[in-house]
Amino acid sequence: MTKIAGAPISWGVCEVPGWGRVLEADQVLGEMASLGLTATELGPPDYLPSEPAELKALLAEHGLGLVGGFLAVVLHDPPRVPATVEEADRVAALLAAAGAGVLVLAAATGLDGYDERPALTDEQWRTLVQTSAKIADVAAGHGLRTVLHPHVGTHVEKSAEVERFLADSELQLCLDTGHLLIGGTDPVDLARRHPDRIGHVHLKDVRADIAEQVRDGRIGYTTAVQRGIYVPLGDGDVDVEALVTLVREAGYTGWFVLEQDTALGDGGPTDTPVRDTTRSLAHLNKIIGKG
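Residues numbered from 1 in each chain as written. Predicted model: local features only at pLDDT ≥ 70, side-chain atom pairs only at ≥ 80, totals over all residues. Heavy atoms only, no water.

Caption draft 1: Focus on the pairing of strand β4 (residues 102-108). Where burial is concerned, most of β4 is hidden: seven out of the seven residues are buried. At this point the chain moves from β4, through helix α4 (residues 122-141), to the parallel strand β5 (residues 145-148), and the crossover so formed is right-handed. (Buried < 20%, exposed > 50% of the residue type's maximum accessible area, 1.4 Å probe, protein only. Helix = DSSP H or I, 4+ residues; strand = E, 2+ residues; numbered from the N terminus. Right-handed = clockwise from strand over helix to strand, strands pointing away.)

Below, the structure written as structure tokens:
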């Protein structure tokens, strides 16, 4: 049975300051459950309860399990490594206590948002790889797997960085179809070349015309989201069917997390997440039904 989960970001819940309206957790989880989803990712820090018993109770109230959680932390700066590893330990402990199986790690710049990205030195890159390995060990102590999420506005974004990380690290990747395409990587080609390195999947669809503007630096990531770079599965330029078919044939048995990064305007409609996620879910189920 294919495992399909939701994520708060599809409901506009994001850690970036000024991103947009943040809906109450009860509404978001209730709407996920109403669509037939059986699990969610954690969302931004402290959006859902940070005390395990409270978190489990809230998820259980909506009939949802916990898949894992996204952790964007600074990996490349030696003075910050102890605090980074400590935060990863805290998050991993919470995830494990609530029944999750995966820590989704991203190499944050240390700046707010995802619109600026200073270059790293070779030494900083080595620190990034070493710190990610330390976090993987810490997470493993809690029974979790760690995957590295190539992500726009982080230090593993562009194709060359994804390939360099695959060469320098033993960690598997979170194959996020949208972020990879925006960064210049064909997610289908990546999955075909490195089937053994796919440890988690975030399914997104994106408009290639807006992605090109982000890649070329003409617009920032937040602006791109506001302009609708993300669309329901099947409406954009990612070959979602080929990707899903490929990873399943390669033996992937993990979760497919539906993620359509959304920014809700103040006072605007709040039914867009349900409508779009319904369409994505129908498209994914159609693909799975062909398998």
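Caption draft 2: Molecular detail of unusual backbone geometry. A positive phi is found at Asp46, a non-glycine position, where the angle reads about 65°. Along the polypeptide, Asp46 turns up in the loop between β2 (39-41) and α2 (52-61).

Caption draft 3: Here's a closer look at the pattern of salt bridges. Throughout the structure, instances matching the rule amount to 15 salt bridges. For Arg164, the salt bridge is made with Asp168, and the minimal N-O distance between the two is 3.8 Å. Of this pair, Arg164 and Asp168 both sit in helix α5 (residues 159-168), separated by four residues, roughly a single helical turn. Here Lys204 and Asp261 are joined by a salt bridge, their closest N and O atoms 3.6 Å apart. Of the two residues, Lys204 sits in the loop between β7 (198-203) and β8 (205-206) while Asp261 sits in the loop between β10 (255-258) and α11 (272-290), which places them 57 residues apart along the sequence. Comparing Lys204 with Asp261, the two get one shared label, buried. Members of the salt-bridge network, linked through shared partners, are Arg117, Glu157, Lys158 and Glu161. (Salt bridge = Lys/Arg side-chain N within 4 Å of Asp/Glu carboxyl O.)

Caption draft 4: Here's a closer look at helix α8 (residues 208-215). Residues Ile210, Ala211 and Val214 constitute the buried set of α8. When α8 is viewed along its axis, its buried side chains cluster within an angular range of 105° and face the same direction. Next to the buried residues of α8 lie α6 (177-182) and α9 (221-226). In the stretch just after α8, Gly217 is the one whose phi turns positive, near 80°. (Arc of directions from axis to C-beta. Contact = heavy atoms within 4.5 Å.)

Caption draft 5: Quick look at the pairing of β7. Counting buried residues along β7, six of its six residues qualify, which places the element largely inside the surrounding structure. Relative to β7, strand β6 (residues 172-176) is paired through four bridges, and the arrangement is parallel. From the neighbouring strand, Cys174 faces β7, where its bridge partner is His200. Where β7 meets β10, three bridges bridge the pair, whose relative direction is parallel. Bridge assignment links Leu203 to a residue of β10, and that residue is Leu258. (Pairing = 2+ DSSP bridges.)

Caption draft 6: Expanded view of the packing of aromatic side chains. Overall, the coordinates contain three aromatic pairs when judged by the stated rule. Linked through ring pairs, Trp19, Tyr221 and Tyr230 together constitute an aromatic cluster. (Phe/Tyr/Trp six-rings, centres within 6.5 Å; stacked < 30°, edge-to-face > 60°.)

Caption draft 7: Helix α10 (residues 240-249), seen in detail. What α10 keeps buried is the set Val240, Leu243, Val244 and Val247. In a view along the axis of α10, the buried residues occupy a sector of 95°, so they form one face of it.

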